[in-house]
Amino acid sequence: TGVIRLRARDAENWGLHLMQPNMRRGGIWITGRTPLDSGDVRLSDLVLGAAGQGLSTVVGDTLTLGPLDSFDRRQPIMLQFQTRSDEAMERQATMRLIVSGVEDGIVGRVMLQTSSPIAFRGGIHWQRREIDLSKVAKGSYSLGVEVLDAAGGVVARRTTMLELR
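Residues numbered from 1 in each chain as written. Predicted model: local features only at pLDDT ≥ 70, side-chain atom pairs only at ≥ 80, totals over all residues. Heavy atoms only, no water.

1. Thoughts on the overall build of the protein chain
For the protein chain, the count of helices and strands is zero helices and eleven strands. The secondary structure elements of the protein chain, listed N-terminal to C-terminal, are β-β-β-β-β-β-β-β-β-β-β. Here the protein chain, with 165 residues, has 34% of them falling under the buried criterion. Restricting the contact set of the protein chain to residue pairs at least 6 apart, pairs at least 24 apart contribute 65%. (Helix = DSSP H or I, 4+ residues; strand = E, 2+ residues; numbered from the N terminus. Buried < 20%, exposed > 50% of the residue type's maximum accessible area, 1.4 Å probe, protein only. Contact = heavy atoms within 4.5 Å.)

Below is the structure:
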């Protein structure tokens, strides 16, 4: 789930047709995705990628992809997502990254948590962070991103699954 802005001038009727080749492989691209948040700040789905997997696409900018949601924990992982806000946030916001272990489909103990500043201007913007998970053991994890306002309240949240090998 993400956001694409299309301009349609003086169009009484219009349509959008998306196609996907029948050779698609890996990932969970269509099924089980939750809709975008409805608050003042919204996050798209989290897109994880690794340059070592040699797969990228261009959607305005180049996105590094990891189609199997499985990554070598010794290599950096690129976290990419879109933020959308109706207006700029008055004060600096914080992005919190949370990596939690998953066992038998249940999200458990937090294995890693970091925070960094994140800037918001009005509109839609790409956010990219290179993350180092080399100190996290092999296994299944939930990776979550939370955006906190200046008072520390969570204003947006998204999660995705990943496998570290």
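2. Considering the nonpolar core
Ranked by size, the top nonpolar core spans 25 residues in total, and within it Leu79, Leu143, Val145 and Leu162 carry the most contacts. At the level of elements, strand E1 (41–43), strand E6 (77–85), strand E7 (93–103), strand E10 (139–148) and strand E11 (154–164) are the ones that each hand at least two residues to this core. Residues contacting Leu162, with those up to four places away along its chain left out, are Leu48, Asp69, Phe71, Ile77, Leu133, Gly139, Ser140, Tyr141 and Leu143. (Core = buried A, V, L, I, M, F, W, Y, C linked by side-chain atoms within 4.5 Å.)

3. Comments concerning the pattern of salt bridges
Per the stated rule, a full pass over the model turns up four salt bridges. For Arg158, the salt bridge goes to Asp45, with nearest N and O atoms at 2.5 Å. On the criterion of sequence distance, the pair formed by Arg158 in strand E11 and Asp45 in the loop between E1 and strand E2 (47–49) is long-range, its members being 113 residues apart. For Arg158, a relative accessible area of 4% puts it in the buried group. What makes Asp45 buried here is its relative accessible area of 10%. In this structure, Arg157 engages Glu146 in a salt bridge whose closest nitrogen and oxygen atoms are separated by 2.9 Å. With Arg157 in strand E11 and Glu146 in strand E10, the pair connects residues that are eleven residues apart, well separated along the chain. Connected through shared salt-bridge partners, Arg96, Glu146 and Arg157 make up one network. (Salt bridge = Lys/Arg side-chain N within 4 Å of Asp/Glu carboxyl O.)

4. A word on the environment of His125
Summarising the element assignment, His125 is placed in strand E9 (residues 123–131). Assessed through its relative accessible area of 19%, His125 is described here as buried. On a C-alpha basis, the gap between His125 and Gln82 in space is 5.5 Å, while along the polypeptide they are 43 residues apart. At 3.1 Å, the side chain of His125 and the backbone oxygen of Gly122 are in polar contact. (Polar contact = N/O pair within 3.5 Å; in protein donor to acceptor, adjacent residues only side chain to side chain.)

5. Some points on the confidence of the model for the protein chain
Should the pLDDT be low somewhere, the predicted coordinates at that spot are not to be read in detail. Per-residue pLDDT for the protein chain averages 78, and the proportion of residues at 70 or more is 71%. When the elements of the protein chain are averaged for pLDDT, strand E3 (residues 56–59) gives the smallest value, 69, and E10 the largest, 92. This model gives residues 24–32 a pLDDT under 50, and the stretch forms twelve contacts once residues within four places in sequence are excluded. (pLDDT = per-residue confidence, 0-100.)

6. Regarding the pairing of E6
On a regular strand, one side chain projects to one face of the sheet and the next to the other, so that they alternate. Where burial is concerned, most of E6 is hidden: seven out of the nine residues are buried. Bridging between E1 and E6 involves three bridges; their strand directions are antiparallel. Each bridged residue has a counterpart across the sheet, and for Val41 the counterpart in E6 is Ser85. Bridge count for E6 against E9 is nine bridges, and the pairing is antiparallel. In the strand pairing of E9, Thr83 is matched with His125. (Pairing = 2+ DSSP bridges.)

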